[in-house]
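If you want the building blocks of each chain, they are given just below.
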Amino acid sequence: MVKPWSISTTVRNPERIRDFLKNLKKMEGEEWNRDNQKKFQILLIQHKIYGYGNQQFYNNLTTKHLKLMSNDEPIKFDEAKEILDSKNYTGGGDMRGRQSFNPLEKMGLAFLDEKNKIRISAVGDIFLKENYDLAEVFFKSFIKWQLPNPDSDDFKEIDGYNIKPFISTLHLINLLNKKWKDKGHDPVGISRKEFSLFIPTLVNFKDVGVYVDKIINLRLKTKKEKDKKEFFIKYSYDFVKDFLKTNDDKLIKRTLDNLKEYTDNIIRYFRLTKYIRIRGNGYFVDIESRRILEIESLLKEDSGKPDLLTNRKEYIEYLSDIDLPKLHWENIESLRAIAEKIDVEILDLENQVGLK
């Protein structure tokens with residue numbers, strides 16, 4: 001069954017991914033069995049990476065455990081284990097450990113080798129360096145992320161998935177801006193409401209043009225409506241109903257709620273690449289104008305169609321290689337053009353603020 005795609009909500013602040021990875025690094029080479037899955041979750045609690053500051057996590061903790069979690073100082077391993085056990089999670093502490101490992105694996109920062117042992121990838125090792133470039137790590141990860149892929153059974157080709165989500169998002173916003181401008185309007189990117197409907201439900205790169213037309217038609221129809229809010233609510237319900245191909249009212253409403261949550265997380269992660277930006281008081285998501293040369297080059301060479309990777313090992317190795325794919329602007333001519341554009345922007349900024 002088709003469903004919206006999303007980025008793991010296990011780590012809501014994507015910059016904390018590095019803290020998860022630092023603790024996993026301590027376990028590199030160990031077998032990823034249930035004991036070690038639980039151990040990983042205990043380490044995250046011990047070092048206040050997981051649970052700290054989260055009121056929902058604090059619910060039902062004893063006075064002793066609340067005192068242990070009252071500051072950001074690490075606690076003893078046995079104390080963290082006691083706290084995890086007291087939570088009595090469905091599926092156990094090992095299940096929570098697998099959930100915490102999931103985003104690291106999806107981003108190609110860590111993987112399990114052929115002996116089911118924990119390995120940190122080349123990208124992950126770069127992320128752990130003191131002089132790491134956060135934007136580069138997330139960008140190099142997301143331009144390779146595709147659905148379906150050999151590492152997951154969640155999104156299958158038989159259900160219609162055929163997409164690189166990040167690349168196709170850039171394609172959609174870029175095309176939307178061009179078509180909206182052709183109609184005599186200022187290009188503004190895509191609104192958060194539009195994003196929540198049309199980005200997580202875009203499951204095939206071939207549908208980018210179709211979705212752009214849907215967004216434009218929605219905008220034009222909304223302008224004519226007196227009660228714009230009510231119109232959008234009804235449109236959203238009908239859109240999701242058609243997407244899911246179901247009349248199940250509860251499923252439709254649950255999916256609509258999920259889309260709002262997915263949207264915040266997707267935008268939060270995608271922004272870290274520095275290839276999209278927020279504008280209009282946070283209401284619109286747009287491509288980053290200062291990256292336009294790189295974006296145009298990227299979209300010219302990559303349609304958003306998944307790469308042909310036949311097995312999990314090949315896919316993980318591809319995700320893990322910081323030098324892949326080869327970016328077409330990484331040559332002296334393109335880099336010079338980018339530098340010259342930056343120089344013009346700096347001169348313009350100097351004129352605006354009256355400073356050299």
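For the structure itself, look to the data block above.
The rules behind the values
Residues numbered from 1 in each chain as written. Predicted model: local features only at pLDDT ≥ 70, side-chain atom pairs only at ≥ 80, totals over all residues. Heavy atoms only, no water. Phe/Tyr/Trp six-rings, centres within 6.5 Å; stacked < 30°, edge-to-face > 60°. Helix = DSSP H or I, 4+ residues; strand = E, 2+ residues; numbered from the N terminus. Buried < 20%, exposed > 50% of the residue type's maximum accessible area, 1.4 Å probe, protein only. Contact = heavy atoms within 4.5 Å. Pairing = 2+ DSSP bridges.

Visitor: So what's going on with the packing of aromatic side chains? Residues and values would help.
Guide: Following the criterion strictly, the structure yields 25 aromatic pairs and no others. The interplanar angle of 80 degrees and the centroid separation of 6.3 Å between the aromatic rings of F139 and F166 together place this pair among those described as edge-to-face. In this pair, F139 sits in helix α8 (residues 134-142) while F166 sits in helix α9 (residues 165-182), placing the two residues 27 residues apart along the sequence. Since its relative accessible area comes to 0%, F166 is described here as buried. Here the aromatic rings of F166 and F270 are separated by 5.0 Å at their centres, their planes lie at 75 degrees, and the arrangement is edge-to-face. In this pair, F166 is assigned in helix α9 and F270 in helix α13 (residues 249-271), connecting sequence segments 104 residues apart.

Visitor: Outline the side chain of H65, supporting the account with residue identities and numerical values.
Guide: Position of H65 among the secondary structure elements: in helix α4 (residues 63-68). In this structure, H65 is in contact with E82, I83 and S86, ignoring residues within four places of it in sequence.

Visitor: Please set out the pairing of strand β5 (residues 284-287) residue by residue, giving values where relevant.
Guide: Both faces of β5 are covered, namely the face carrying F284 and D286 and the face carrying V285 and I287. Bridge count for strand β3 (residues 190-191) against β5 is two bridges, and the pairing is antiparallel. Counterpart to S191 in the pairing with β5 is F284. The pairing of strand β4 (residues 276-279) with β5 spans four bridges and is antiparallel. Across the sheet, the residue bridging to I278 is V285, located in β5.

Visitor: An account of the environment of L172 is needed here, citing residue identities and associated values.
Guide: Mapped onto the elements, L172 comes out in helix α9. Measuring from C-alpha to C-alpha, the distance between L172 and I199 comes to 8.5 Å, with 27 residues separating the pair along the chain. In this structure, L172 is in contact with I190, I199, L202, V208, Y211, V212 and I215, ignoring residues within four places of it in sequence.

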